[in-house]
Amino acid sequence: MKKKMAVLLAVVCAISLISGCGEKKDNSEGTENTSEGTDSADASGGQEGAISYDVEECVKLGDYMGIKVSLGSYEVTDESVKSTIESTLASYPSYEDTDKTTVEEGDVVNIDYEGLKDGVAFEGGTAQGSNLEIGSNSFIDGFEDGLIGKKVGEDVKLDLTFPEDYGNAELAGQAVVFNVKINKIVNEVYMTYDTVTDEFVASNFVNDGYKTVNEMIEGTRKQLESNNETNKQTDTENAIFEELHKSCTVTMPDGLLDQRIQEYKDQYVQNLKSSYNMELADYLGSMGMTEEQFNDQVQQYIQESLTNQLILEAIAKKEKIEADEEGYTAYMKDVVADFGYENEDALIKQYGEDYVKNAYISDKTLNYLIENAKITYDSNNAAGTDVDSAVE
């Protein structure tokens, strides 16, 4: 459930990237960070009446140079490639015909079927050559049981009723008829890393760019290497922040956390409406999550993100880390590519120049800390971090 929400938030996570960076302008003494005077008021990033704060008063810095971090190994081994391919192949069964003639529990039957409501075929209720395991509960109650004891070649009429809580409102609680033709009983056969053939790969994985076993192996290795590199970066950043939290003390500016939480929730609701035509309550209900649980997770996530941002702000100020033109331009291009903006101007229009620039400075500061950290990678440590949050 949480993973699905995380996927949804991928389209609005630019606010997570940027919202912790606020529009800040140095005053004439160069001591106070403020976001007052902002014209933008949209929920996607601009702040109306944003909170003023002095980051040097908010953050008491501890040791942040030469942070020691120990992580696992991110090497891709032959065994990990094999294991990944085995897992993938487990989702691609092939089927062998059998001589069996009577359907029993546990059999896999190849069927044609047509579902009728009031004598009219309904959408999604018709298929030919579909393989169904009897007892898998893949179909509504009565469908699979109704085929037990029937013969290959037999036409079966099933009078059934969709459950009241069925996802399709037009079918929920409705009486229907399924006309089923039992074509044959088959055996599921699964390829393994050692038995998979070029023909099987070409038939099932051409959309992934694989036509041979060797291409699948090399493609899987490259994908794992890419994934591991991403995990390595994420784990390293998380470990750096964990150590910073131990050595630094943050006093949250009055009202800032509430403001950022509201911005985030407003953006979330806006995206649900514009992209999925859903209200927050309906979406959370479909995910089995209460609004209270959602609010708790949003607060936890934004509080952590804002704490990280304030620490980075304080370090950037102390180390005099600023936005260089070349790096800033590259950063904007990355954000545009990662989050689907039309161009850099569209990004700036949504968030404002100061907003994006300060996000870059925070990113640059984090990279500075990583470059100066003492990081070791040990295969005896478990690599990888499973972040399972609805709001990440």
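Residues numbered from 1 in each chain as written. Predicted model: local features only at pLDDT ≥ 70, side-chain atom pairs only at ≥ 80, totals over all residues. Heavy atoms only, no water.

### What about the overall build of the protein chain?
Link 1 in the chain: On a plain count of helices and strands, the protein chain comes out with twelve helices and nine strands.
Link 2 in the chain: By residue count, 39% of the 392 residues in the protein chain fall in the buried class.
Link 3 in the chain: The contacts of the protein chain with a sequence gap of at least 6 include a subset with a gap of at least 24, amounting to 73%.
Link 4 in the chain: Roughly 21600 Å² of accessible area belongs to the protein chain as shown, and the carbon and sulfur atoms make up 43% of that amount. (Helix = DSSP H or I, 4+ residues; strand = E, 2+ residues; numbered from the N terminus. Buried < 20%, exposed > 50% of the residue type's maximum accessible area, 1.4 Å probe, protein only. Contact = heavy atoms within 4.5 Å. Areas by Shrake-Rupley, 256 points an atom, 1.4 Å probe, with all protein chains shown as cover.)

### With respect to the nonpolar core
Link 1 in the chain: Counting residues in each nonpolar core, the largest one holds 40 residues, and the members touching the most others are Val59, Ile240, Leu244, Tyr268, Phe294, Ile302 and Leu369.
Link 2 in the chain: For this core, the secondary-structure elements that each account for two or more residues are α3 (55-58), β2 (68-72), α6 (213-247), α7 (256-276), α8 (280-286), α9 (291-319) and α12 (353-371).
Link 3 in the chain: Tallying contributions element by element places α9 first for this core, with ten residues.
Link 4 in the chain: Grouped together as the second largest cluster of nonpolar side chains are 21 residues, Val109, Ala127, Leu147 and Leu171 included. (Core = buried A, V, L, I, M, F, W, Y, C linked by side-chain atoms within 4.5 Å.)

### Topic: the packing of helix α11 (residues 344-351) against α12
Link 1 in the chain: Axis separation between α11 and α12 bottoms out at 6 Å; the angle between their running directions is 105 degrees. Between α11 and α12, the angle falls in the class roughly perpendicular. Here α11 contributes Leu347, Ile348 and Tyr351 to the contact with α12, which in turn contributes Glu353, Tyr355 and Val356.
Link 2 in the chain: Here the residues of the contact of α11 with α12 are counted per class, giving five nonpolar, no polar and one charged. (Axes fitted to C-alpha atoms, helices over the stretch in contact; angles between N-to-C directions. Parallel < 35°, antiparallel > 145°, perpendicular 65-115°, else oblique. Nonpolar A, V, L, I, M, F, W, Y, C, P; charged D, E, K, R; others polar.)

### Side note on helix α4 (residues 78-89)
Link 1 in the chain: Compared with the 16 Å implied by 1.5 Å per residue over twelve residues, the 16 Å span of α4 between its first and last C-alpha is a close match.
Link 2 in the chain: Val81, Ile85 and Leu89 are the residues of α4 that are buried. One face of α4 carries all of its buried residues, which in axial projection span an arc of 65 degrees.
Link 3 in the chain: At its buried positions, α4 is contacted by α5 (198-204) and α6. (Expected span 1.5 Å × (residues − 1). Arc of directions from axis to C-beta.)

### Details of a negative patch on the surface
Link 1 in the chain: A contiguous patch of negative charge on the surface is contributed by Glu105, Glu133, Asp141, Asp145 and Glu188.
Link 2 in the chain: Along the polypeptide, Glu188 turns up in strand β7 (residues 175-189). (Patch = residues over 30% accessible without salt bridge, like charges linked within 9 Å, V, L, I, M, F, W, Y side chains within 5 Å. Salt bridge = Lys/Arg side-chain N within 4 Å of Asp/Glu carboxyl O. Lys, Arg positive; Asp, Glu negative; His and termini not counted. Charge placed at Lys NZ, Arg CZ, Asp CG, Glu CD.)

### Description of the side chain of Asp235
Link 1 in the chain: Mapped onto the secondary structure, Asp235 falls in helix α6.
Link 2 in the chain: It is Lys232 that comes nearest to the buried, bridge-free Asp235 among opposite-charge side chains, at 10 Å.

### So, the packing of α6 against α12
Link 1 in the chain: Running from N to C, α6 and α12 cross one another at 90 degrees; their axes reach a closest spacing of 11 Å. As summarised for this structure, α6 and α12 are arranged roughly perpendicular, according to the angle between their axes. Here α6 contributes Gln233, Thr236, Glu237, Ile240, Phe241 and Leu244 to the contact with α12, which in turn contributes Leu366, Asn367, Leu369 and Ile370.
Link 2 in the chain: Each residue belonging to the contact of α6 with α12 can be placed in one class, and the counts come to six nonpolar, three polar and one charged.

### Considerations on the pairing of β7
Link 1 in the chain: The pairing of strand β3 (residues 94-97) with β7 spans four bridges and is classified as antiparallel. Bridge pairing in β7 links Ser94 to Val189.
Link 2 in the chain: Looking at chain direction, strand β4 (residues 108-117) and β7 are connected through nine bridges and run antiparallel. Within β7, the position partnered with Asp112 by the bridge is Lys181.
Link 3 in the chain: Of the pairings in the sheet, the one linking strand β6 (residues 155-161) to β7 comprises seven bridges and is antiparallel in character. Paired with Asp159 across the bridge in β7 is Val177. (Pairing = 2+ DSSP bridges.)

### Things to note about unusual backbone geometry
Link 1 in the chain: One non-glycine residue with positive phi stands out, namely Asn137, at about 60 degrees.
Link 2 in the chain: Secondary-structure assignment places Asn137 in the loop between β5 (120-133) and β6.
Link 3 in the chain: Among the residues examined, Asn137 registers a relative accessible area of 64% and is labelled exposed.

### Topic: the pattern of salt bridges
Link 1 in the chain: In this structure the tally under the stated criterion is twelve salt bridges.
Link 2 in the chain: Across the pair Asp194 and Lys82 runs a salt bridge, and its minimum N-O distance is 4.0 Å. You can see Asp194 sitting in the loop between β7 and α5 and its partner Lys82 sitting in helix α4, a full 112 residues away along the chain.
Link 3 in the chain: Residue Asp194 is classed as exposed on the basis of its relative accessible area of 63%.
Link 4 in the chain: The salt bridge involving Glu243 is made with Lys246; its shortest N-O contact spans 3.2 Å. Linking Glu243 with Lys246, this pair stays in helix α6, spanning three residues, or about one helical turn.
Link 5 in the chain: Among the charged side chains, a network of salt bridges with common partners joins Lys100, Glu104 and Asp107.

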